[in-house]
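Tertiary structure, described
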Amino acid sequence: MFHYQKVFGGFRRGVLKVLMGTVLLELVKPDTMFAILVGTISGLVIGALPGFSATMGIALLIPLTFGMRPAPALIMLATIYTAATYGGSISAILLHTPGTPSSCATTLDGYQMTLKGEAGKALGMSITASTIGGVFGAVALLLIAPPLSQIALKFGPPEYFLLAIFGLSTVGGLTSGSVLRGLLSGLVGLMLGTIGVDVLSGFPRFTFGIIPLESGVNFVPAMIGLFSLSEVMALSESRSSIASQSAGQVGDKRILPAWDELKRLWKLILRSAVIGTIIGILPGAGGDIASWISYNEAKRFSKNPEKFGTGTIEGVAAPETANNAVTGGTLIPLLTLGIPGSAATAVMLGGLLIHGLVPGHELFTTYANITYTLIIGFLIGNIVMFFVGLAFSRYAVLVTRVSTNILAPIIAILCVVGSYAINNSLFDVGVMLVFGAAGYYLKEAGFHPAPMVLGLILGPMAERGFRQSLLLAKGSVLLFYLTRPLSVVLIVLIVMSLTWPLVAGRASKNPLTAAGNH
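Residues numbered from 1 in each chain as written. Predicted model: local features only at pLDDT ≥ 70, side-chain atom pairs only at ≥ 80, totals over all residues. Heavy atoms only, no water.

**Side note on the overall build of the chain**
Cut-off, in case you're wondering: Elements are defined by DSSP. Helices are runs of H or I of four residues or more, strands are runs of E of two residues or more, and each kind is numbered from the N terminus. Residue burial is assigned from relative accessible area. The probe radius is 1.4 Å, only protein chains are included, and a residue is buried under 20% of its type maximum, exposed over 50%, and partly exposed in between. Contacts are assigned to residue pairs with any non-hydrogen atoms lying within 4.5 Å of each other. Only the protein chains shown count as cover for residues, and the accessible areas themselves come from Shrake-Rupley with a 1.4 Å probe.
A tally of helices and strands in the chain yields 22 helices and two strands. Sorting the 518 residues of the chain into buried and exposed places 55% on the buried side. When contacts within the chain are restricted to residue pairs at least 6 apart in sequence, long-range pairs at least 24 apart make up 80% of them. Counting only carbon and sulfur atoms, one obtains 70% of the accessible surface of the chain, whose full area is about 21,500 Å².

Set out below in structure tokens:
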């Protein structure tokens, strides 16, 4: 049974220690400050490189933490996580090449803003939204970790199935073009998601005897191919630079978003931060799902949804806030229950165990000093990320001035290296090449790759949750779902997501509503 009183008591004692200055004194030590800076810079560079995820960065740097004290070691791993999550947006905005899976949604409007001559503005909003999301997740981790972690324990196969369906309900709205083409692209992604060993029977499906396919289609090389290599092929058709193709000066002097712009977007940013934190708590969901759902919710609540996908600032703010809010959310079940919320936190669990720290109530009581140093250090790391990212963004924009004759081969090399580095497998490079060619011709035919990637990510989760639910329901499937409160909430959200476009469309055609708006 979860000892909430012990954990909550530990929380109060931890806060007292913060107030007394114990944790703050730990944070100002040179090795702690050095760990924050190294983690931030390393994470930013790793995240900006296609295929080099936060998980890989943490795994690579864990050996460096062996000789460090526990608090600075864990802070460095946590700051790598949040900085790498943001870093993926840099290449997504400038090169249409998402550095990490959670940056896929950012490419939809971020790259279009670059082509419109607003690369600096897009990068400024990205770092600002990422910082706000990261700070929000860190504050949630500090204040409400124990009660929120209990929600994750209540999620079973039915809830994960419905969560996947909720994500898939956004497929039709991910592109500004034809809804039918978006749905067809998502359907292809779902079909590709069925490749691999059957969840229940263990029998290989659609593998055609190819052993690497038994683990399914790795969506990271698929994503690199669909978004990056296909863009390389498109860039190769032009001998000019990205800047010369834009409508204005790409090298914006103004990076930070205006205060009036932030005031206009505060509801969107807050909603995305909440979505990201909640989804981060759920094991296995992650920043990619959070960014897609936040993007769709931003489009659904927007007064001008038709602008999404054409280079609107809202399309950058929503996913970037959500995917960095996820980083704090994933640490909640890790520290309180020992359940990793993502692949990156699964590696971080190893870092905890290396230093003799076992997740649970003891982290908030016996080792409260280390735990709250980690949490406050994680919060400070997000703020440091803002200044480092801001300085980096001013010079990163210059990449768009490089001729495509030079840029295209460099991106292609990064695609190959990134795909190979995931599993040290040439097969993944082949997957990337196939999806790259497919992505290029799909774009030429008017199909967008975003729904396909979403279907590829959520398809296995939906299938696994549904088939396990059928076994648990023992015949009474509908009753089984309707007697679970969280399932009912998710069903309501799915219905709202599917019916909202129809309701909004009728409301906009209503003469009384239109008159009222004027």
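We are not done yet, so read on.
**Description of helix α15 (residues 343–354)**
Threshold: A helix is expected to span 1.5 Å for every residue after the first. Regarding the arc, it is the one traced by the directions from the helix axis to the C-beta atoms.
With twelve residues, α15 should cover 16 Å at 1.5 Å per step; its first-to-last C-alpha distance of 17 Å lies within 8% of that length. Regarding α15, the residues found buried are A344, T345, M348, L349, G351 and L352. Each buried residue of α15 sits inside an arc of 160° when the element is viewed along its axis, so together they form one side. Note on α15: the residue one or two positions beyond its end, G356, has a positive phi of about 75°.

**Observations regarding the environment of Y367**
Here Y367 lies in the loop between α15 and α16 (368–396). Classification of Y367 as partly exposed rests on a relative accessible area of 30%. It is 8.0 Å that separates the C-alpha atoms of Y367 and L357, two residues lying ten residues apart in sequence. Those residues within four positions of Y367 in sequence are excluded, and the remaining contacts are G356, L357 and E362.

**Remarks on a nonpolar patch on the surface**
The condition is simple: Patch membership is restricted to residues that have no salt bridge and whose relative accessible area is over 30%. Joining uses 9 Å for like charges and 5 Å for the nonpolar side chains Val, Leu, Ile, Met, Phe, Trp and Tyr. What makes a salt bridge here is a side-chain nitrogen of Lys or Arg within 4 Å of a carboxyl oxygen of Asp or Glu, nothing more.
On the surface, L478, L482, V488, V489, V492, L493 and M496 cluster together into a nonpolar patch covering about 590 Å² of accessible area. For the nonpolar patch, the secondary structure elements donating two or more residues are α20 (477–482) and α21 (485–509). For the nonpolar patch, the element with the most residues is α21, which contributes five residues. Along the polypeptide, V492 turns up in helix α21.

**Considering the pattern of salt bridges**
Inspection of every chain in the model, using the stated rule, returns eleven salt bridges. We note a salt bridge from R205 to D198, for which the minimum N-O separation is 3.3 Å. Taking the shortest distance from any N to any O, the salt bridge between D198 and R467 comes out at 2.5 Å. Linking D198 in the loop between β1 (196–197) and β2 (204–205) with R467 in helix α19 (residues 450–473), this pair joins segments that are 269 residues apart in sequence. It is possible to trace a salt-bridge network through shared partners that takes in K121, E261, R264 and E314.

**Some points on the packing of helix α10 (residues 219–235) against helix α18 (residues 426–444)**
Spelled out, the test is: Each axis is a line fitted through C-alpha atoms, and for a helix only the stretch in contact is used; angles between axes span 0 to 180 degrees, taken between their N-to-C directions. Any angle from 65 to 115 degrees is called roughly perpendicular, while one under 35 is roughly parallel, one over 145 is roughly antiparallel, and all others are oblique. A crossing counts as left-handed when the near helix is turned anticlockwise from the far one by less than a right angle, and as right-handed when that turn is clockwise. Each residue is assigned to one class: nonpolar for Ala, Val, Leu, Ile, Met, Phe, Trp, Tyr, Cys and Pro, charged for Asp, Glu, Lys and Arg, and polar for all the others, Gly among them.
Interhelical geometry of α10 versus α18 gives an angle of 55° and a closest axis separation of 7 Å. Regarding the angle of α10 to α18, the classification is oblique. Pair α10 / α18 crosses with right-handed handedness. Touching P221, A222, I224, G225, L226, F227, L229, S230, E231, M233 and A234 of α10 are D428, V431, M432, L433, F435, G436, A437, G439, Y440 and K443, all from α18. The residue inventory of the contact of α10 with α18, partitioned by class, reads 14 nonpolar, four polar and three charged.

**Quick look at the nonpolar core**
Threshold: Here, the term nonpolar core denotes a set of buried Ala, Val, Leu, Ile, Met, Phe, Trp, Tyr and Cys residues that are joined through side-chain atoms within 4.5 Å.
Ranked by size, the top nonpolar core spans 124 residues in total, and within it I58, L94, M125, L141, V217 and L335 carry the most contacts. Per element, the largest residue contribution to this core is 14 residues, and it comes from helix α5 (residues 70–95). For M125, the residues in contact, after removing those within four places along its chain, are I255, P257, L262, L265, I313, V316 and A317.

**Regarding the environment of A408**
Residue placement: A408 occurs in helix α17 (residues 404–423). Residues A408 and L229, 179 residues apart in the sequence, show an inter-C-alpha distance of 8.9 Å. Look past the residues within four positions of A408 in its chain and what remains in contact with it is V232 and S236.

**Let's talk about the packing of aromatic side chains**
Note the threshold: Each Phe, Tyr or Trp ring, with Trp reduced to its six-membered ring, pairs with another whose centre is within 6.5 Å; inter-plane angles below 30 degrees give stacked pairs, above 60 give edge-to-face pairs, and intermediate values give tilted ones.
Using the criterion set out here, one finds six aromatic pairs in the structure. Ring geometry for Y295 against F308: centres 5.5 Å apart, planes inclined by 85°, an arrangement best described as edge-to-face. Taken together, the positions of Y295 in helix α13 (residues 287–301) and F308 in the loop between α13 and α14 (314–337) put the pair 13 residues apart, joining distant regions of the chain. Note on F308: relative accessible area 2%, which makes it buried. Seen from their ring centres, F386 and F387 are 5.2 Å apart, and the 80° between their planes marks the pair as edge-to-face. On the accessibility criterion, F386 (17% relative accessible area) is buried. Among the aromatic residues, those joined into a cluster by ring pairs are F161, F466, F480 and Y481.

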